[in-house]
Amino acid sequence: VKGTKVISVTVEYSSVASKSDEIVIIRPGSDPAFALGLANVIIREKLYDEDYINGHTDLPLLVRSDTLKHLKPTDYIPGYKNAVLKNTVLLQKGEKPPAAYLQDNQIVAQELREEWGDFVAWDAAANAPVVVTRDEAAKAGGYAIEGKFTVPLLDGTKVEVRPVFDLIKEQVSHYTPEATGAICHTAPENVTWLAREIAKNSGKT
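None of the values given here were measured: they were computed from a predicted structure.

Caption draft 1: Structural context of the sheet that holds strand β3 (residues 62-64). The 3 strands lie next to each other as β3-β9-β8, forming an open sheet whose pairing is antiparallel. Looking at strand neighbours, the two that pair on one side only are β3 and β8 (149-152), the edges of this open sheet. When strand polarity is set aside, the average angle formed by the axes of neighbouring strands in this sheet is 45°. Taken together, the 3 bridges between β3 and strand β9 (residues 158-163) define a ladder with antiparallel strand orientation. Across the sheet, residue Arg 64 finds its bridge partner in β9, namely Val 161.

Written out as structure tokens, the structure reads:
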């Protein structure tokens, strides 16, 4: 349609597949492995958009190695209080949101905002942890997305932390095109070329 290239990833030659430009047949139930294989190629070949990662995803946020939970400002900053959000409307308990056409900002229940709290990323230039709030969306930059860092905690101990991206990179490293092809019963080159096509058409896939 209007120059769109249609690629079907399916377990059979379906009616949709018969009208597609390209078809990748994989074993039923193996599509999660296939997706991880695509991510492996995109990360390994650095085909991702780091600016987008910094400003629009949770991938720079730090994860504690001891609990595998996000590092929170309250873990290492004495007396930390959640930041006042300027770009988020907080609804009190029982309060109804305005009509959709009147909504200019994010709308979040106050109790959810308290539950989420604020987050932490590693400032590459300052070589130190920095607090990240929802207001930083689309403006963030300069966060490390790879590496291991040590943060002193309020209880006097230290914890090793890593960005979410770094953990995902380690996880998908096992899903090489060859390993993915073996799991999905498809040719390894199907994983490679499709991952490159997706990356090449960033924002249009």
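Caption draft 2: Spotlight on the packing of aromatic side chains. Counted by the stated rule, this structure contains 2 aromatic pairs. With a centroid separation of 5.1 Å and 65° between ring planes, the pair formed by Tyr 48 and Phe 165 is classed as edge-to-face. Of this pair, Tyr 48 sits in the loop between α1 (31-44) and α2 (50-56) while Phe 165 sits in helix α5 (residues 164-172), and the two are 117 residues apart along the sequence. Across the pair, Phe 165 and Tyr 48 agree in class, each one buried.

Caption draft 3: Highlighting the nonpolar core. Among the nonpolar cores identified, the biggest contains 26 residues, and Phe 34, Leu 38, Tyr 48, Ile 53 and Phe 165 are the most heavily contacted of them. Contributions of two or more residues to this core are made by α1, β6 (119-123), α5 and α7 (188-200). Here this core takes 6 residues from α1, the largest share from any one element. Phe 34 has contacts with Val 9, Val 24, Ile 26, Thr 180, Cys 184, Thr 186, Asn 190, Val 191 and Leu 194, leaving out every residue within four places of it along the chain. Of all hydrophobic cores here, the second largest spans 11 residues; its members include Leu 62, Phe 149, Leu 153 and Val 161.

Caption draft 4: Fine view of the side chain of Asp 118. Assignment of secondary structure puts Asp 118 in the loop between α4 (110-116) and β6. One polar contact links the side chain of Asp 118 to the main-chain amide nitrogen of Ala 83, over a distance of 2.8 Å. The contacts of Asp 118, once residues within four sequence positions are left out, are Lys 72, Pro 73, Tyr 80, Asn 82, Ala 83, Arg 113, Val 131, Val 132 and Thr 133.

Caption draft 5: Looking closely at the packing of α1 against α5. The N-to-C vectors of α1 and α5 enclose an angle of 115°; their axes lie 9 Å apart at closest approach. When the axes of α1 and α5 are compared, the crossing they make is left-handed. Mapping the contact onto sequence places Leu 36, Ala 39, Asn 40 and Ile 43 in α1 and Phe 165, Ile 168, Lys 169 and Val 172 in α5. In terms of residue class, the contact of α1 with α5 is made up of 6 nonpolar, 1 polar and 1 charged.

Caption draft 6: Region of the structure containing unusual backbone geometry. Despite not being glycine, Lys 46 shows a phi value in the positive range, around 55°. Residue position: Lys 46 is located in the loop between α1 and α2. Given the relative accessible area of 54%, Lys 46 is considered exposed. In the Ramachandran plot, Asn 127 falls in the positive-phi region, its phi being about 55° despite a non-glycine side chain. By the element assignment, Asn 127 lies in the loop between β6 and β7 (128-132). Classification of Asn 127 as exposed rests on a relative accessible area of 54%.

Criteria and cut-off values
Counting of residues starts from 1 at the beginning of each chain's written sequence and follows it residue by residue. For this predicted model, a pLDDT threshold of at least 70 governs which residues receive local features, and a threshold of 80 or more governs which side-chain atom pairs are given and counted, while totals over whole chains, interfaces and linings are taken from all residues. Where side-chain values are given, they derive from all heavy atoms of the structure, hydrogens and water being excluded. A strand pair is defined by DSSP finding two or more bridges across the two strands. Where helices and strands are cited, they refer to DSSP runs of H or I of at least four residues and of E of at least two residues respectively, numbered from the N terminus. As a rule, the C-alpha atoms of each element are fitted with a line to give its axis, helices using only the stretch in contact, and angles between N-to-C directions run from 0 to 180 degrees. When two rings of Phe, Tyr or Trp (its six-membered ring) have centres within 6.5 Å they constitute a pair, described as stacked for plane angles under 30 degrees, edge-to-face for angles over 60, and tilted for the intermediate range. Relative accessibility under 20% of the residue-type maximum defines a buried residue, over 50% an exposed one, and the middle range a partly exposed one, all with a 1.4 Å probe and only protein chains included. Put simply, a nonpolar core is a bunch of buried Ala, Val, Leu, Ile, Met, Phe, Trp, Tyr and Cys residues held in one set by side-chain atoms that sit within 4.5 Å of each other. Contacts between residues were defined by any pair of non-hydrogen atoms, one from each residue, lying within 4.5 Å. Residues adjacent in sequence count toward polar contacts only when both atoms are side-chain atoms; beyond that, a polar contact is any pair of N or O atoms within 3.5 Å, and within protein one must be able to donate a hydrogen and the other to accept it. For any pair of crossing helices, the crossing counts as left-handed if the nearer helix is rotated counterclockwise from the farther one by less than a right angle, and right-handed if it is rotated clockwise. The residue classification treats Ala, Val, Leu, Ile, Met, Phe, Trp, Tyr, Cys and Pro as nonpolar and Asp, Glu, Lys and Arg as charged. All others, Gly included, are polar.

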